[in-house]
Each structure stands twice: as structure tokens, then as C-alpha cells.
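Residue-level structural notes
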Amino acid sequence: MKGKTLVISGGTRGIGKAIVDEFAAHGVNVAFTYNSNAELAAAQVAELEAKYNIKARAYPFNILEPEKYKELFLEIDKDFDKIDFFISSAIISGRAVVGGYTKFMKLKPKGINNIFTATVNAFVVGAQEAAKRMEKTGGGSIISISSTGNRVYMDNYAGHGTSKAAVETMVRYAAIELGEKNIRVNAVSGGPIDTDALKAFVNYEEVRDETAKRSPLGRMGQPEDMAGACLFLCSDKASWVTGHIFIVDGGTTFK
Ligand SMILES: NC(=O)c1ccc[n+]([C@@H]2O[C@H](COP(=O)([O-])OP(=O)(O)OC[C@H]3O[C@@H](n4cnc5c(N)ncnc54)[C@H](OP(=O)(O)O)[C@@H]3O)[C@@H](O)[C@H]2O)c1
């Protein structure tokens, strides 16, 4: 992995941050995006470069404006010679998900559309820009971070769950069409993972306790659990894995 380059959306917190740390620890250069935490992102860049002796850069980016990925990649081109991996991890929360993160009878098109834009459209435009560059250097690996909330019921999760189902289908289509360019496309689908996004759930404590109870491993998922799966899927060890949904759920989905 040493000397390769990862581009990832939402690298400042939660699962995205754990992925950035895991890849950097394996000698991968990282270009990550943030939404609001510019100061935190700058400190993170300095820490990553000092700790792992890699190149790190942070870029502001709003996944509610997916077309802007084109400009973002042009900026990244100025800092990095090539892109080997692209991971779409960022997710919206707060006001943008009003009418999307709620019970079925309270869903509103605007909230659902925002989540779709942030999840599916952002993956599509980001992956297209990454693929154009990977194609020129002999291939690469693309991952969408999904969730098992599209397979099992979760309170208030209809808006997110349907977008995650859609992005998993998009992953399979992309995998078929990009395979001839030696670009592999997969999703890593997590069960409940202890991050700020989950803490924003109105029933966070209930989800946390129920997840630990339901998992045969007796604990909640941690961001690092997702990062390990991403590292594997980007490595040569996964060289014939494409169009796949890799589930990291502590055994909770079946139970
Ligand atoms: N937590 C779970 O239980 C769980 C389970 C399975 C899958 N997932 C998926 O894992 C991914 C990451 O989730 P997480 O739980 O790690 O979330 P998180 O801790 O809330 O982190 C969200 C990240 O997205 C960025 N972000 C927020 N709003 C944005 C916007 N409008 N445009 C661009 N970036 C934005 C944040 O940047 P700032 O720091 O600058 O705000 C942050 O880096 C998501 O796709 C989520 O659906 C989560």
C-alpha cells in the first residue's frame, strides 16, 4: 500500500477518520475532505504527516453539491500525481436531514432527496472523477460506505436506508462497467457503529445497548472495524473482489 494515494470524503470524524488513520499507518498518502471543521482538518494533516511520514491534504467539500467534485479533483490533481483509491464516506446530518431522518408517515421529499444527493449522487460524481484518473494509471479501487439499515429495520432510517440500498445497486453497476479498466468497486456496509452520526440518533442509547446485546461478539461496532475492511478491499489481497457488499455488522443482521 506504501506510496499509493487515497481520496476520501468526510475524513475528519467517525468512520472516515478511522479509514484515514488506517491507510496512513500503511504508508498511503491521503486527500480527505471536511465540511465544517477546517481547524480540526488542518491539525489532522499536520499530525498524519508527522506520525506516518506520508503526504496528507484536507479540502473543504459539501456532498450536497456533488457536481463540485469536478473542481475538487482538479485541486487534488495539483497536490497528488495519481489516485489509487476513492472512498465515499461523508454523510449529512442536522437540518439537511429533516424530513428524511424520521418515521415513514413524516417523510418529506426534500429530506429524502437531500439524503439521496449526499449518498448516491455524491458517490456517482466522486467515483466518476476518480475512475477517469485511475484509468490512466492502470486501475484502482472504489468503495461506498453503506449500512445494514437497508436490510434490517431501524427507527427513523427509511430515508437513509433507501439511499444505501440505491448506492449498493450503483456500486454493482459501476463494478461491471469499470472492470475492464481494472477498477474494482465495492461497498462496505456497517451495522451500528459508535460515531457522532449515531449519537445524533434520538434513540442512540437504545441502539447501542440493543446492538451489543444482539451481536454474538457482545459489543457495538467501532469505526476501526470498518477501516480494516476498507484496507483489505483496496489491497491486492482483494484483487478478484468487485461488485460486492462487504458486511461488517458484528453478526447483528442475521439475529
Ligand atoms: N455510524 C454508524 O452507525 C454507521 C453505520 C454504517 C454506515 N455508516 C456510514 O458511514 C459513513 C460515515 O458515517 P459516520 O458515522 O462516521 O459519520 P460522522 O461521524 O457524523 O462523520 C461525518 C463526516 O462527514 C462530514 N460531513 C458532514 N456533513 C457533510 C457535508 N454536508 N458535506 C461533506 N461532508 C460532510 C463530516 O465533516 P465535518 O467534521 O467537517 O463536519 C465528517 O467528516 C456514512 O456514509 C454513514 O452512513 C455509519
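Residues numbered from 1 in each chain as written. Predicted model: local features only at pLDDT ≥ 70, side-chain atom pairs only at ≥ 80, totals over all residues.

Considerations on the overall build of the protein chain
Spelled out, the test is: In this description a helix means any DSSP run of H or I spanning at least four residues, a strand means any run of E spanning at least two, and both kinds are numbered starting from the N terminus. We compute the radius of gyration from the C-alpha atoms alone; for a globule the expected value is 2.2 Å times N to the 0.38, where N is the number of residues. Exposed residues have 12 or fewer other C-beta atoms within 10 Å of their own C-beta, buried residues have 20 or more, and partly exposed residues fall in between, where C-beta atoms are placed from the backbone.
Counting its regular elements, the protein chain contains 8 helices and 7 strands. Taken over C-alpha atoms, the radius of gyration comes to 17 Å for the protein chain, in line with the 18 Å a tight globule of 255 residues would show. Projected onto its principal axes, the C-alpha positions of the protein chain cover 50 × 40 × 40 Å. The buried share of the protein chain, reckoned over its 255 residues, is 48%.

Structural notes on the site of the ligand
Threshold: We count a residue as near a molecule or strand when its backbone-placed C-beta atom lies within 6 Å of that partner. Residues are grouped as follows: Ala, Val, Leu, Ile, Met, Phe, Trp, Tyr, Cys and Pro are nonpolar; Asp, Glu, Lys and Arg are charged; all remaining types, including Gly, are polar.
In the region of the ligand, 30 residues are neighbours, and G10, G14, G190, T195 and A197 sit closest. Going through the elements one at a time, α1 (14-25), β5 (140-147) and α6 (196-199) are the ones with two or more residues in the shell around the ligand. Residue composition of the shell around the ligand, by class: 13 nonpolar, 15 polar and 2 charged.

Comments concerning helix α3 (residues 69-79)
To keep things clear, this is the line we draw: Relevant arc is that of directions from the helix axis to the C-beta atoms, nothing else. Contacts here follow a simple rule: the backbone-placed C-beta atoms of the two residues must lie within 7 Å.
Taken residue by residue, α3 has Y69, L72, F73 and I76 as its buried positions. For α3, the buried positions fall inside an angular range of 95° around the axis, keeping them on one side. In α3, the exposed positions that point more than 90 degrees away from the buried face belong to L74 and K78. Those residues of α3 hidden inside the fold are in contact with β1 (5-9), β2 (29-34), β3 (56-60) and α4 (109-136).

What about the nonpolar core?
Condition: Each nonpolar core consists of buried Ala, Val, Leu, Ile, Met, Phe, Trp, Tyr and Cys residues. Their C-beta atoms, within 7 Å, join them into a set.
In terms of nonpolar packing, the biggest core is built from 66 residues, with I19, V30, I87, I142, V188, M226 and C230 touching the most fellow members. Broken down by element, this core gets its largest block of residues, 11 residues, from α4. Not counting residues within four places of it along the chain, the set of residues in contact with V30 comprises L6, I8, G11, V20, F23, A24, L48, I54 and A56.

Side note on the sheet that holds strand β7 (residues 245-248)
Two modes of strand pairing occur in sheets, parallel and antiparallel, and in both the strands are linked by backbone hydrogen bonds. Cut-off, in case you're wondering: When DSSP locates at least two bridges between a pair of strands, those strands are taken to pair. Here the axes come from fitting lines to C-alpha atoms, over the contacting stretch only for helices, and the angles between their N-to-C directions go from 0 to 180 degrees.
One open sheet holds the 7 strands; their spatial order is β3-β2-β1-β4-β5-β6-β7, and the pairing between them is parallel. Where the open sheet ends on each side, the last strands, each with one partner, are β3 and β7. The sheet shows a mean angle of 20° between the axes of neighbouring strands, direction not considered. Bridge count between β1 and β2: 4 bridges; the pairing is parallel. The residue bridging T5 from the neighbouring strand is N29, located in β2. Most of the contacts of helix α8 (residues 223-234) go to strand β6 (residues 183-190), to which it runs at about 165°, and overall it touches β4 (85-88), β5, β6 and β7.

Side note on the pairing of β4
The condition is simple: Handedness of a crossover is defined as follows: orient the strands so they point away from the viewer, and if the path from the first strand over the helix to the second runs clockwise, the crossover is right-handed.
Neither face of β4 is left uncovered, since the one carrying F85 and I87 and the one carrying F86 and S88 both have all their residues buried. Bridging between β1 and β4 involves 4 bridges; their strand directions are parallel. Bridging from a neighbouring strand, L6 pairs with F85 of β4. In this sheet, β5 lies alongside β4 in parallel orientation, the contact comprising 4 bridges. Across the sheet, the residue bridging to I87 is I143, located in β5. With α4 bridging β4 and the parallel β5, this β-α-β connection has right-handed handedness.

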